[in-house]
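Secondary and tertiary structure notes
Residues per chain, in single letters:
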Amino acid sequence: MEALDWLHLPNLEVRSGILGVAEIRDGPSGELIVVELEPGSYRPCVGTDPEGRVPGAIASFCAVHESVLGGWRERRGIAAVRRGGVVGWVSTDIATAGFFDHDVLAELAARDAEVFEQWCAGFFASMSYPHGFGHFGGDGRAPVVYVQSSAGAGHYPVVEILGDDGPVGLEVAFSPAIVDSVDVSRDLQVTRVVEPSPGVLQEI
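All of the points below concern the structure found in this document. A quick note: this is a predicted structure, and the numbers were derived from the prediction, not measured.

**Considerations on the nonpolar core**
Counting 26 residues, the largest nonpolar core has Leu19, Phe61, Phe99, Val158, Leu170, Val172 and Phe174 as the members making the most contacts within it. Of the residues forming this core, the biggest block, three residues, is contributed by strand 6 (residues 57-65). With sequence-adjacent residues up to four places away left out, Val158 is seen in contact with Val21, Ile33, Gly85, Val86, Val87, Gly88, Trp89, Val90, Leu170, Glu171 and Val172. Val34, Leu105, Ala109 and Tyr146 belong to the second largest nonpolar core, which has 20 residues in total.

Here it is in structure tokens:
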């Protein structure tokens with residue numbers, strides 16, 4: 001992984017093992033990328049490039065299983081993982097992306113679809129720059145962690161992150177240098193959920 005400046009955000013719990021990633025301007029609705037991963041705590045990591053086209057701009061946004069990064073006394077950081085294949089692409093006109101536990105959020109959304117739709121509609125206005133957490137209905141079981149990059153509108157690859165024993169997370173690559181280096185021909189090791197269940201987030 002590139003020599004970026006990495007900021008580790010508070011953990012994201014993915015109890016269901018179904019991690020979702022999406023353009024996040026109007027909440028995590030619409031076209032989603034959903035994959036199966038080991039349930040547990042994931043560390044959202046924001047990488048900025050001090051020598052990029054826009055110094056200090058967000059170049060990478062990852063969610064990596066906490067176990068592969070080591071404990072606090074022996075923190076290994078993002079350098080302990082590597083990129084695999086391209087899971088999909090996030091298209092956005094304001095360079096936003098978010099990670100969340102898909103099945104837990106979908107279950108909560110199904111209980112009150114109208115309120116969930118209103119929450120999504122107001123998500124952008126409530127976002128903090130350049131990153132933060134949102135909670136539907138204030139429910140801490142289903143946080144959405146997001147970033148806003150200064151990269152602007154674009155079509156950004158979502159790449160599987162691999163550890164020693166297989167897939168351990170996902171990355172959204174905003175930096176042109178990373179995008180250019182991504183190998184779109186690599187076979188995936190992660191399992192993509194083609195039709196996530198429950199599918200409330202797609203229906204709204």
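**With respect to the pattern of salt bridges**
Evaluated as defined, the whole model comprises three salt bridges. A salt bridge links Glu171 to Arg83; the shortest N-O distance between them is 2.6 Å. Placement of the pair is Glu171 in strand 12 (residues 166-173) and Arg83 in strand 7 (residues 82-92), with a sequence separation of 88 residues. Just as Glu171 is buried, Arg83 falls in that class too. A salt bridge links Arg111 to Glu107, with the shortest nitrogen-to-oxygen separation between them at 3.2 Å. Note that Arg111 and Glu107 are positioned in helix 1 (residues 102-111) at a spacing of four residues, about one turn of the helix. Residue Glu107 is classed as partly exposed on the basis of its relative accessible area, which comes to 44%.

**Regarding the side chain of Ser41**
Here Ser41 lies in strand 5 (residues 40-49). Among the polar contacts listed, one links the side chain of Ser41 to the side chain of Glu13, at a separation of 2.5 Å. Setting aside chain neighbours within four positions, we find Ser41 in contact with Asn11, Leu12, Glu13, Val64, His65 and Glu66.

**Some thoughts on the pairing of strand 3 (residues 18-22)**
Within strand 3, five of the five residues are buried, which leaves it mostly tucked inside the rest of the structure. In strand 3, alternate side chains face the same way, and those of Ile18, Gly20 and Ala22 on one face and Leu19 and Val21 on the other are all buried. In this structure, strand 3 lies alongside strand 4 (residues 33-36), joined through four bridges in antiparallel fashion. Bridging from a neighbouring strand, Leu19 pairs with Val35 of strand 4.

**A closer look at the sheet that holds strand 10 (residues 143-148)**
If you trace the six strands from one edge of the open sheet to the other, you get 9-10-8-3-4-13, paired in antiparallel fashion. Every interior strand has two partners, whereas the edge strands, strand 9 (131-135) and strand 13 (191-192), have only one. Along the sheet, helix 1 contacts strand 3, strand 4, strand 8 (96-101) and strand 10; its crossing angle with strand 8, the most-contacted strand, is approximately 85°.

**A look at the environment of Glu114**
Residue placement: Glu114 occurs in helix 2 (residues 113-121). Residue Glu114 is classed as exposed on the basis of its relative accessible area, which comes to 54%. Considering only alpha carbons, one finds Glu114 and Ser175, 61 residues apart in sequence, at a separation of 36 Å.

Quick notes on the rules
- Residues numbered from 1 in each chain as written.
- Predicted model: local features only at pLDDT ≥ 70, side-chain atom pairs only at ≥ 80, totals over all residues.
- Heavy atoms only, no water.
- Core = buried A, V, L, I, M, F, W, Y, C linked by side-chain atoms within 4.5 Å.
- Buried < 20%, exposed > 50% of the residue type's maximum accessible area, 1.4 Å probe, protein only.
- Helix = DSSP H or I, 4+ residues; strand = E, 2+ residues; numbered from the N terminus.
- Contact = heavy atoms within 4.5 Å.
- Salt bridge = Lys/Arg side-chain N within 4 Å of Asp/Glu carboxyl O.
- Polar contact = N/O pair within 3.5 Å; in protein donor to acceptor, adjacent residues only side chain to side chain.
- Pairing = 2+ DSSP bridges.
- Axes fitted to C-alpha atoms, helices over the stretch in contact; angles between N-to-C directions.

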